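# Summary of the model geometry
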Amino acid sequence: MARYVLKFGGSSLADPKKLYAAARKLAALRREGHEVIGVLSAQGGETDALLAKARQIDPDCGGRELDALLATGEQVSVCLCAMALRRLNVPAVSLSGRQAGIRTEDRFNDARVLWLDNDRIERELQKGSVVLVTGFQGVNGDGDVTTLGRGGSDTTAVALAAFLHADHCKIYTDVDGVYSADPRKDPDAVKYSRISYDDMLTLARSGAKVLHDRCVELAKQYQVPIEVLSASGDVPGTLVGA
């Protein structure tokens, strides 16, 4: 038995068909007897829609109330995915960042994850459930919801993999790995089968959008290997590691 953390981005959850595809990947691992934690982003376009609503009220919105609003997008995703897993006859439970115990520094809109504050995830895994955790968010010392900034769901996945000593951390995106350039724009882009943390950081800081630099920094700090894969296929991805 192994422990898996699987992260699904918003484009991988954008409609019921894609959401069920994500649920089936989680279900397949659980049926093989593994412990499975899913980290989900908001469905495609949902965060931008919430931000647009906020700016209709306050063009300069930010801080505590904006974080509380934006965090609802991921809450929708984990609840829907839990429903899908139950339809597939796999026990599942959805947890917010607060319920999962993801503690962050006391800042809004761009907080850093500090530690995992309780054993709720462990208890749910022991029951045999797939545990679905909201990406992109945690809770500060005052109990307020905080968000982790751009690429925050990737950071959540790596943090949980580190704190829970997961054997595998897989990040599903709309591309099938890490390339030397954007394969949708450059036909000569080369796909890497492996790439080091430092080289991935260089790509991320130069504008590559596959992984955010903070996520890679955290993976390097805790020595968490990351596999970047396509959510829509079964081809091998790219391993980011030492």
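All values derive from a computational prediction rather than experimental measurement. (Residues numbered from 1 in each chain as written. Predicted model: local features only at pLDDT ≥ 70, side-chain atom pairs only at ≥ 80, totals over all residues. Heavy atoms only, no water.)

This next bit is on the overall build of the chain. From N to C terminus, the chain includes nine helices and 14 strands. On C-alpha atoms alone, the chain measures out to a radius of gyration of 17 Å, which is about the 18 Å that the 2.2 N^0.38 rule sets for 242 residues. Once the C-alpha set of the chain is aligned to its principal axes, its extents read approximately 45 × 40 × 35 Å. Looking at the chain residue by residue over its 242 residues, the buried ones come to 52%. Across the chain, the fraction of contacts at a sequence separation of at least 24, relative to all contacts at a separation of at least 6, is 69%. Split by element, the accessible area of the chain, about 11,400 Å² in all, is 49% carbon and sulfur. On the chain, the mean spot of the 30 positive side-chain charges and the mean spot of the 32 negative ones are 5 Å from each other. (Helix = DSSP H or I, 4+ residues; strand = E, 2+ residues; numbered from the N terminus. Rg over C-alpha atoms; globule rule 2.2 N^0.38 Å. Buried < 20%, exposed > 50% of the residue type's maximum accessible area, 1.4 Å probe, protein only. Contact = heavy atoms within 4.5 Å. Areas by Shrake-Rupley, 256 points an atom, 1.4 Å probe, with all protein chains shown as cover. Lys, Arg positive; Asp, Glu negative; His and termini not counted. Charge placed at Lys NZ, Arg CZ, Asp CG, Glu CD.)

Attention now goes to the pattern of salt bridges. Per the stated rule, a full pass over the model turns up 17 salt bridges. The salt bridge involving Arg 112 is made with Glu 217; its shortest N-O contact spans 4.0 Å. Here Arg 112, found in the loop between strand S4 (102-104) and strand S5 (113-116), pairs with Glu 217, found in helix H9 (residues 213-222); they are 105 residues apart in sequence, far enough to count as distant. Residue classification places Glu 217 among the partly exposed residues on the basis of a relative accessible area of 28%. The closest approach of N and O atoms between Asp 119 and Arg 123, which form a salt bridge, is 2.5 Å. For Asp 119, a relative accessible area of 42% corresponds to the partly exposed category. In this structure Arg 123 comes out as partly exposed when scored by relative accessible area, which is 40%. Each member of the salt-bridge network shares a partner with another, and the members are Arg 112, Arg 205, Asp 213 and Glu 217. (Salt bridge = Lys/Arg side-chain N within 4 Å of Asp/Glu carboxyl O.)

Take the packing of helix H7 (residues 152-163) against H9 next. Interhelical geometry of H7 versus H9 gives an angle of 10° and a closest axis separation of 8 Å. In this view, H7 runs roughly parallel relative to H9, as classed from their interaxial angle. Contacts between H7 and H9 pair Asp 154, Thr 155, Val 158, Ala 159, Ala 162 and Phe 163 from the former with Arg 214, Cys 215, Leu 218, Ala 219 and Tyr 222 from the latter. Within the contact of H7 with H9, the residues separate by chemical class into eight nonpolar, one polar and two charged. (Axes fitted to C-alpha atoms, helices over the stretch in contact; angles between N-to-C directions. Parallel < 35°, antiparallel > 145°, perpendicular 65-115°, else oblique. Nonpolar A, V, L, I, M, F, W, Y, C, P; charged D, E, K, R; others polar.)

Mapped onto the secondary structure, Thr 238 falls in strand S14 (residues 238-241). For Thr 238, a relative accessible area of 0% translates into the label buried. In this structure the side chain of Thr 238 is engaged in a polar contact, spanning 2.8 Å, whose partner is the backbone nitrogen of Val 178. Side-chain polar atoms of Thr 238 contact the backbone oxygen of Tyr 192, separated by 2.5 Å. The residues contacting Thr 238, other than those within four sequence positions of it, are Gly 177, Val 178, Lys 191, Tyr 192, Ser 193, Arg 194, Ile 195, Ile 226, Glu 227 and Val 228. (Polar contact = N/O pair within 3.5 Å; in protein donor to acceptor, adjacent residues only side chain to side chain.)

Next up on the list: H9. Those residues of H9 not exposed but buried are Arg 214, Cys 215, Val 216, Leu 218 and Ala 219. Packing partners of the buried residues in H9 comprise H7, strand S9 (168-173), helix H8 (197-205) and strand S13 (226-230). One or two positions beyond H9, positive phi appears at Gln 223, with a value near 55°.

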